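Here is what each chain is made of, one letter per residue.
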Amino acid sequence: MAPNTSTATRRLKQDYLRLKNDPVPHLIAEPNPSNILEWYYVVSGPDDSPYAGGHYLGRLVFPEEFPFKPPSIYMITTNGRFKTNTRLCLSISDYHPDTWNPAWSVSTVLTGLLSFMLENQRTVGSIDMTDYERRMLAVRSLESIVRDEHFCELFPELNTTIQKEIEKRNLAKAKEEQSSSMDRYHSENNYFHPVVYNILMVVAFALFIYLVKFVLSNMKIE
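Residues numbered from 1 in each chain as written. Predicted model: local features only at pLDDT ≥ 70, side-chain atom pairs only at ≥ 80, totals over all residues. Heavy atoms only, no water.

The chain has the name Ubiquitin-conjugating enzyme E2 J2 in an unreviewed UniProt entry, where Aphis gossypii is given as its organism. Under the UniProt heading Subcellular location (unreviewed entry), the note attached to the chain is "Endoplasmic reticulum membrane". (UniProt positions renumbered as here; feature names shortened; annotations may be inferred.)

Spelled out as structure tokens, the structure:
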């Protein structure tokens, strides 16, 4: 590691231990094993928010001068609040080095990010969407995040949990579609039964009339 990053390395290692000992609610983070200046984080949407049930991958890029300069913050998973793969303009990001406090840690950055995500304040990198649209994206976020190799490598336990949730959803969807198909089948049968019955009655009545005419015709001949 280059000498000018030694301070950043020591500080990030300390922040990592603090984060493990005192986790941030709804957030987990892991450094890139080959570059401690690059971290990946996952936001799990709080239950009382439009992001409930969603999981969103993001990235933090720390400068060599950390903690004296702030990190760049990116969101990778489509979420309806921030543009993806775009530097976010937050008071805790490198967009505002003038407001950065060297005492702030990775936990502080993550807490600030979540707080801003749950608000609707506009900034560079934010987007406007309805709560309904964000809920729909929360549902889709599971399939999206498990396709990311960094997520699968750094968060294996959460990956397993999400994969099980996806399987559960797919099973429930398959059962729902099967039930809907059966309902349509019974509905169609219930519709056609009276129709078939009426046709049979008409045919039977026609045969009866024919037989009567046939019998009467034979009686006249005799």
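Some points on the overall build of the chain
When helices and strands are counted, the chain shows five helices and four strands. In the chain, buried positions account for 36% of the 222 residues. Expressed as a percentage of contacts within the chain between residues at least 6 apart in sequence, the contacts between residues at least 24 apart total 53%. Approximately 13900 Å² of the chain is accessible, and the part contributed by carbon and sulfur atoms is 57%. (Helix = DSSP H or I, 4+ residues; strand = E, 2+ residues; numbered from the N terminus. Buried < 20%, exposed > 50% of the residue type's maximum accessible area, 1.4 Å probe, protein only. Contact = heavy atoms within 4.5 Å. Areas by Shrake-Rupley, 256 points an atom, 1.4 Å probe, with all protein chains shown as cover.)

Let's talk about the packing of aromatic side chains
Across all of its chains, the model carries eight aromatic pairs by this definition. A centroid spacing of 6.0 Å and a plane angle of 70 degrees characterise the contact between Trp 39 and Phe 62, whose relative ring orientation is edge-to-face. Pair noted here: Trp 39 is in strand S2 (residues 35-44) and Phe 62 is in the loop between strand S3 (55-61) and strand S4 (72-75), with a separation of 23 residues, a long-range link. Residue placement shows Arg 87 over the ring face of Tyr 95; its charged tip is 4.4 Å from the ring centre. (Phe/Tyr/Trp six-rings, centres within 6.5 Å; stacked < 30°, edge-to-face > 60°. Lys NZ or Arg CZ within 6 Å of the ring centre and 35° of its normal.)

Observations regarding the pattern of salt bridges
Enumeration over the complete set of coordinates arrives at eight salt bridges. When the shortest N-O distance is used, the salt bridge between Asp 15 and Arg 18 registers 2.8 Å. Taken together, the residues span about one helical turn, with Asp 15 and Arg 18 both in helix H1 (residues 6-21) at a distance of three residues. Classification of Arg 18 by relative accessible area gives partly exposed; the value is 44%. For Arg 169, the salt bridge is made with Glu 165, and the minimal N-O distance between the two is 3.4 Å. Taken as a pair, Arg 169 and Glu 165 lie in helix H5 (residues 156-221) at a separation of four residues, close to a single helical turn. A relative accessible area of 29% means that Glu 165 is categorised as partly exposed. (Salt bridge = Lys/Arg side-chain N within 4 Å of Asp/Glu carboxyl O.)

Things to note about the environment of Ala 29
Structurally, the position occupied by Ala 29 is in strand S1 (residues 27-32). Those residues within four positions of Ala 29 in sequence are excluded, and the remaining contacts are Tyr 16, Leu 19, Trp 39, Tyr 40, Tyr 41, Leu 110 and Phe 155.

Remarks on the environment of Ser 107
Within the fold, Ser 107 resides in helix H2 (residues 106-117). Taking C-alpha positions, Ser 107 is 6.2 Å from Leu 19, a pair spaced 88 residues apart along the chain. Apart from residues no more than four positions distant in its own chain, Ser 107 is found in contact with Leu 19 and Val 24.

Things to note about the environment of Tyr 41
Inspection of the secondary structure puts Tyr 41 in strand S2. Classification of Tyr 41 as buried rests on a relative accessible area of 0%.

With respect to the sheet that holds S3
Ordered by their spatial adjacency, four strands build an open sheet running S1-S2-S3-S4, and the pairing between neighbours is antiparallel. Only two strands of the sheet have a single neighbouring strand rather than two, namely S1 and S4. Between one strand and the next, the sheet's axes are offset by a mean angle of 25 degrees, whatever the strand orientation. As paired elements, S3 and S4 share four bridges and run antiparallel to each other. (Pairing = 2+ DSSP bridges. Axes fitted to C-alpha atoms, helices over the stretch in contact; angles between N-to-C directions.)

Things to note about the nonpolar core
If you look at the biggest cluster of nonpolar residues, it comprises 31 residues, and the most contacted ones within it are Leu 12, Trp 39, Tyr 41, Leu 60, Phe 62, Ile 73 and Leu 110. When residues in this core are grouped by element, the largest group, seven residues, is from H2. Excluding residues within four positions of it along the chain, Leu 60 makes contact with Leu 37, Glu 38, Trp 39, Tyr 41, Ser 72, Ile 73, Val 106, Val 109 and Leu 110. Judged by nonpolar contacts, the second largest core, of 12 residues, contains Val 42, Ile 145, Phe 155 and Ile 166. (Core = buried A, V, L, I, M, F, W, Y, C linked by side-chain atoms within 4.5 Å.)

With respect to the side chain of Ser 72
Take Ser 72: it is sitting in strand S4. In terms of polar contacts, Ser 72 uses its side chain to reach the side chain of Asp 94, at 2.4 Å. Setting aside anything within four residues of it in sequence, one finds Ser 72 in contact with Arg 59, Leu 60, Val 61, Arg 87 and Asp 94. (Polar contact = N/O pair within 3.5 Å; in protein donor to acceptor, adjacent residues only side chain to side chain.)

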